[in-house]
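Working through the structure, step by step
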There are 2 protein chains.
Amino acid sequence: MKDDFNIVEFTKEFSTNCSKVQIKNFEKGETITTFLVNRNQFCILLSGTADLVKYDYNGNKIIAERFSQYSIFGEIFYNINTNNEFIVEAKEKCQVLIYSYDDINEKCKSNCKFHQTLVKCFPDIIISKITDLTSRIELLSRRTTRDKLLGYFDLLSKQYGKSFTLPFSVTELSNYLSVDRSSMSRELAVLKNEKFIEQDRRKIKLLY
Amino acid sequence: MKDDFNIVEFTKEFSTNCSKVQIKNFEKGETITTFLVNRNQFCILLSGTADLVKYDYNGNKIIAERFSQYSIFGEIFYNINTNNEFIVEAKEKCQVLIYSYDDINEKCKSNCKFHQTLVKCFPDIIISKITDLTSRIELLSRRTTRDKLLGYFDLLSKQYGKSFTLPFSVTELSNYLSVDRSSMSRELAVLKNEKFIEQDRRKIKLLY
DNA sequence: ACAAAATTGTTGCAAAAACAACAGAAAAAT
DNA sequence: ATTTTTCTGTTGTTTTTGCAACAATTTTGT
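Residues numbered from 1 in each chain as written. Chains lettered and ligands numbered in written order. Predicted model: local features only at pLDDT ≥ 70, side-chain atom pairs only at ≥ 80, totals over all residues.

Along the backbone of chain A there are 5 helices and 11 strands. Residue burial in chain A is summarised as follows: out of 208 residues, 34% are buried. Contacts spanning at least 24 positions in sequence make up 72% of the contacts within chain A whose residues lie at least 6 apart. (Helix = DSSP H or I, 4+ residues; strand = E, 2+ residues; numbered from the N terminus. Buried ≥ 20, exposed ≤ 12 C-beta atoms within 10 Å, placed from the backbone. Contact = placed C-beta atoms within 7 Å.)

Right under this line is the structure:
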């Protein structure tokens, strides 16, 4: 059952030195993966933060997703039939577990614990990813900058309460919400003015 | 491997009268499911068309997703921790296979073929859902109505070529792209004027 | 510790989108 | 077959967003 699943326990298992798993390290700013080759790659972020980003023809950066510890990503989740060039960019030092999805139902030679756990948990792992993506769609489908901000604050307040620190800089947040930075900044000023929120850079306090 | 998977073959198996599966029929306009209860429900649309919809406080309809034959949806994919009230609405007569996800790894009494197939294919089914959702995020993250239209036309042209019929009415398309209908209509007129496209209601022809 | 680079908040202006209202066309209901 | 309802395209007006430029602050790199 969904709530019983613990990805932390799961990822501990990789330490069995399974021959089918690679662990790679990336420095801040490095590209972890592009979506051009290795269509079967499936990755788990073991530590660090990374973004799935794209630049539109106008030079605007779009942060499609933000990955933190135990987020999953990889070529198997991305439809290559598009003109859109997304990359996964390390925001800070990252350790990544890389797995070739072809092997998901194949035990490795030693039938290691990692595989047993992976096969068992895989459905739950990706279901929770779908849940996240659905929330993301709800957010992006909001029409105004104000609604996007309040919607995003709602999500954060579910987790952290009325006061929290954004996981983004203000500039990054505007890329994540797909709005102009200065417009968003203006809207934040309006929300502050109307006493809906207090904000200083990444620190947010909801007053409702 | 991903491309070997065939959901049609899979759904044929449900006919084994598995005791854990329900098949329900819905008429046009009926609500197939809300996201308030039955958190373990997992559904496959066997026939018909349905939308995952929400109405914002302003009365605007948002079509978050469109489901057609063999689309999957259900409460397990949706985060209840939100104020957002989505429902799945039948656009036409729908037949839906309903399954309780608790049972995914449990064989039914007769260990029927349906379960064998479901357990085997489940990862691939949901991975292809993630692929779809990622494309959807890319689309919604576009900032202008023009880019959304062209992005959506691109997706359709990958599948159907330069001429195709929209799976939406013009009004529905605006809800799917989260833009005002009349603004979108105006932008379509501009695209026609610039000889980028020909359009008459649902019929689209790309001229580039 | 200092210099360089990036981030932030602000504002005027231009561009785009939302809103509103309407008439004609198409689709659905009776 | 006819009426009713919904959909479509259009356009004027208002509101919101994007763009550009700038100074102040913070962060980063050396």
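So, next bit.
Residues and elements named next belong to chain A. One can read the domain layout of chain A as domain 1 (2-126) and domain 2 (145-206). Taken together, the contact between domain 1 and domain 2 spans 4 residues of the former and 5 residues of the latter. The residue inventory of the side of domain 1 that touches domain 2, partitioned by class, reads 2 nonpolar, no polar and 2 charged. (Domains from an automatic or database assignment. Nonpolar A, V, L, I, M, F, W, Y, C, P; charged D, E, K, R; others polar.)

Surveying the vicinity of DNA strand D reveals 20 residues, the closest of which are Thr144, Asp180 and Ser182 of chain A together with Ser182 and Ser185 of chain B. For the surface near DNA strand D, the secondary structure elements donating two or more residues are α3 (145-160) and α5 (181-193) of chain A together with α4 (170-176) and α5 (181-193) of chain B. Counting residues per element, the surface near DNA strand D draws most heavily on α5 of chain B, which supplies 4 residues. Of the residues that constitute the surface near DNA strand D, the class distribution is 3 nonpolar, 10 polar and 7 charged. (Near = placed C-beta within 6 Å.)

Turning our attention to the protein's contact with DNA strand C. Taken together, the neighbourhood of DNA strand C is formed by 20 residues, with Ser169 and Thr171 of chain A together with Thr144, Asp180 and Ser182 of chain B sitting nearest. Within the residue set of the surface near DNA strand C, elements represented by two or more residues are α4 (170-176) and α5 of chain A together with α3 (145-160) and α5 of chain B. By residue number, the principal contributor to the surface near DNA strand C is α5 of chain A, which donates 4 residues. Of the residues in the surface near DNA strand C, the class split is 3 nonpolar, 10 polar and 7 charged.

This paragraph deals with the pairing of strand β8 (residues 94-100) of chain B. Residue and element names in this part refer to chain B. Judged from the 6 bridges that link them, strand β1 (residues 21-26) and β8 form a sheet pairing that is antiparallel. Pairing of valine 21 across the sheet is with tyrosine 99, part of β8. In the sheet, strand β3 (residues 41-47) pairs with β8 via 6 bridges, with the strands oriented antiparallel. Within β8, the position partnered with leucine 45 by the bridge is valine 96. (Pairing = 2+ DSSP bridges.)

Time to look at the packing of α3 of chain B against α5 of chain B. Residue and element names in this part refer to chain B. The interhelical angle for the contact between α3 and α5, taken along N-to-C directions, is 70 degrees, at an axis separation of 10 Å. As summarised for this structure, α3 and α5 are arranged roughly perpendicular, according to the angle between their axes. For the pair α3 and α5, contact is made by Thr145, Arg146 and Leu149 and by Ser183, Met184, Glu187, Leu188 and Leu191, respectively. In the contact of α3 with α5, the residues fall into 4 nonpolar, 2 polar and 2 charged. (Axes fitted to C-alpha atoms, helices over the stretch in contact; angles between N-to-C directions. Parallel < 35°, antiparallel > 145°, perpendicular 65-115°, else oblique.)

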